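In case you want the letters, here they are:
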Amino acid sequence: MYNWFNQKELKWDVIYRIGYVIRHDFSKEFPLLFTSEDFKGMYAPKSSVVFLEVNNKTGGDDHWKDKYLNLLERYNTELLNKAIKLASSNQCNTSK
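Remember, predicted model here, so these are calculated numbers, not experimental data.

*Asks:* Which residues make up the nonpolar core, and what values do they have?
*Replies:* Core analysis: the biggest nonpolar cluster contains 7 residues, these being Val14, Ile15, Ile18, Phe26, Phe34, Phe39 and Met42. Discounting residues that sit within four places of it in the chain, phenylalanine 39 has contacts with Tyr16, Gly19, Tyr20, His24, Asp25, Phe26, Ser27 and Phe34.

Next up, the structure:
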């Protein structure tokens, strides 16, 4: 999603999907692309129940943030270990 927001232009289907997920009717902002009928089904109570069930199964709002931070920490640790290995091997080569 971050990459989408950094683009100068978005395809209409991406805008629609974002609107549907955040439950926002983009027909006001983009009247040439959408009508309010396009977003009518997103306010049905059934879909909000499904959203809550998915959120509860994944551990809430922090689940994905925590997962990302753990992955980022592992990547940074691996990168640091590689840099240390490279530095120590370069040091051994220069002392010979």
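*Asks:* Could you give an account of the packing of aromatic side chains, naming the residues involved and the relevant values?
*Replies:* All chains considered together, the criterion is met by 5 aromatic pairs. Ring centres of phenylalanine 34 and phenylalanine 39 lie 5.3 Å apart, and the angle between their planes is 70 degrees; on these two criteria the pair is classed as edge-to-face. Three or more aromatic residues link up through ring pairs in this structure, and these residues are Tyr16, Tyr20, Phe34 and Phe39.

*Asks:* Outline the pattern of salt bridges, supporting the account with residue identities and numerical values.
*Replies:* In this structure the tally under the stated criterion is 1 salt bridge. A salt bridge links lysine 40 to glutamate 37, with the nearest nitrogen and oxygen atoms 3.9 Å apart. Accessibility assignment for this pair places lysine 40 and glutamate 37 in one class, exposed.

*Asks:* Which residues make up the confidence of the model for the chain, and what are the values?
*Replies:* On average, residues of the chain carry a pLDDT of 77, and 77% of them reach 70 or more. Put simply, helix H3 (residues 45-57) is where the chain has its lowest mean pLDDT, 51, and helix H2 (residues 12-22) is where it has its highest, 86.

*Asks:* Give a detailed account of the side chain of serine 27, specifying residues and quantitative values.
*Replies:* On the secondary structure map, serine 27 appears in the loop between H2 and H3. Judged by its relative accessible area of 10%, serine 27 is buried. One polar contact links serine 27 to aspartate 25, side chain to side chain, over a distance of 2.6 Å. In this structure, serine 27 is in contact with Phe34, Thr35, Ser36 and Phe39, ignoring residues within four places of it in sequence.

*Asks:* Could you give an account of H2, naming the residues involved and the relevant values?
*Replies:* Burial in H2 covers these residues: Val14, Ile15, Ile18 and Gly19. Down the axis of H2, the sector holding all buried residues measures 135 degrees, keeping them to one side. With respect to the buried face of H2, the exposed residues turned more than 90 degrees away are Trp12 and Val21. Contacts from the buried residues of H2 go to helix H1 (2-5). Among the residues trailing H2, arginine 23 stands out with phi positive, at a value near 60 degrees.

Cut-offs applied
- Residues numbered from 1 in each chain as written.
- Predicted model: local features only at pLDDT ≥ 70, side-chain atom pairs only at ≥ 80, totals over all residues.
- Heavy atoms only, no water.
- Core = buried A, V, L, I, M, F, W, Y, C linked by side-chain atoms within 4.5 Å.
- Buried < 20%, exposed > 50% of the residue type's maximum accessible area, 1.4 Å probe, protein only.
- Contact = heavy atoms within 4.5 Å.
- Phe/Tyr/Trp six-rings, centres within 6.5 Å; stacked < 30°, edge-to-face > 60°.
- Salt bridge = Lys/Arg side-chain N within 4 Å of Asp/Glu carboxyl O.
- pLDDT = per-residue confidence, 0-100.
- Helix = DSSP H or I, 4+ residues; strand = E, 2+ residues; numbered from the N terminus.
- Polar contact = N/O pair within 3.5 Å; in protein donor to acceptor, adjacent residues only side chain to side chain.
- Arc of directions from axis to C-beta.

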